[in-house]
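Structural description and commentary
The lines below spell out each chain.
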Amino acid sequence: MKNSSFKIAVVSPNGYYGPFEKNVMLLQRLLAKLNKKKVKLALFPEGFLTGYGSGTDTEFARRNALKLNSLELKKVCSIVSKYKIYVSAGLWEDIGYPVMSQILISPTKSIIGHYQKVHTAEGYEDRGKNFEVVDLGFCKVGTLICADGGFPESSRVLALKGANVILHPIAAGGFKVKPKYFEKDIYKRKDANNARVS
């Protein structure tokens, strides 16, 4: 991997992530704007595609969870393929029960990365078991979802696996946590592991 510069967009749309169809329309509008700005990698929030729900709403997660080979995600991949942008977006994944996941979609119309949240905060979701790094050619990307970032071992594992960019989507809009709390923690991880964090 050669040393190059590129643009990463951290996308944080206002408001509740509504029904899947509305989220997909929003994704398409935002990607069109980002494409004009020559963004190469776009990070969308935890739960963006399916909606996040709130509290311990198990039914919301079960009702909205998608299988990775679903028609809905094929539609998302098709939309992403219209742009020259790699997209990381969160969703409730259906593996027989809901798991908070983040998928990485390439401009070639396929899911090339898939990460399931390891450190869960809600208590009703199951947890992933691995930290994955994906080589995009211009960077090596690892992902942490929300609570994963509170454990220094998580980002350390990604760095040891070669990640030089760590994506850290969070759906904390409803919490009264100051952004500086997250920033302080995130930048500690970056400095300790010699990686960029978005």
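Residues numbered from 1 in each chain as written. Predicted model: local features only at pLDDT ≥ 70, side-chain atom pairs only at ≥ 80, totals over all residues. Heavy atoms only, no water.

1. So, the confidence of the model for the chain
Condition: For every residue, the predictor reports its confidence as pLDDT, a number between 0 and 100. A contact between two residues is defined here by any heavy atoms of the two lying within 4.5 Å.
For the chain, the mean per-residue pLDDT works out to 84, and 78% of the residues sit at or above 70. Counted against residues more than four places away or in other chains, residues 174-178, with its pLDDT under 50, gives one contact.

2. As for unusual backbone geometry
The cut-off we apply is this: Helix and strand labels come from DSSP, where a helix needs a run of H or I of at least four residues and a strand needs a run of E of at least two; each type is numbered from the N terminus.
The phi dihedral of Lys-109 falls on the positive side, at around 80°, and the residue is not glycine. Among the secondary structure elements, Lys-109 is positioned in the loop between β4 (98-105) and β5 (111-116). Located in the positive-phi region is Cys-146, a residue other than glycine, with phi close to 40°. By the element assignment, Cys-146 lies in the loop between β7 (140-143) and α4 (152-160).

3. Section: the pattern of salt bridges
Definition in use: Whenever Lys or Arg places a side-chain nitrogen within 4 Å of a carboxyl oxygen from Asp or Glu, that contact is recorded as a salt bridge. Relative accessibility under 20% of the residue-type maximum defines a buried residue, over 50% an exposed one, and the middle range a partly exposed one, all with a 1.4 Å probe and only protein chains included.
A full pass over the atoms with the stated rule returns three salt bridges. Lys-75 serves as the salt-bridge partner of Glu-21, at 2.8 Å between the closest nitrogen and oxygen. Of the two residues, Glu-21 is situated in helix α1 (residues 20-36) and Lys-75 in helix α3 (residues 71-80); the sequence distance between them amounts to 54 residues. Given the relative accessible area of 42%, Glu-21 is considered partly exposed. As a salt-bridge pair, Glu-46 and Lys-117 come within 2.9 Å of each other at their nearest N and O atoms. Here Lys-117 lies in the loop between β5 and β6 (133-135) and Glu-46 lies in the loop between β2 (41-43) and α2 (58-64), a separation of 71 residues in the sequence. Each member of the pair Glu-46 and Lys-117 is classed as buried.

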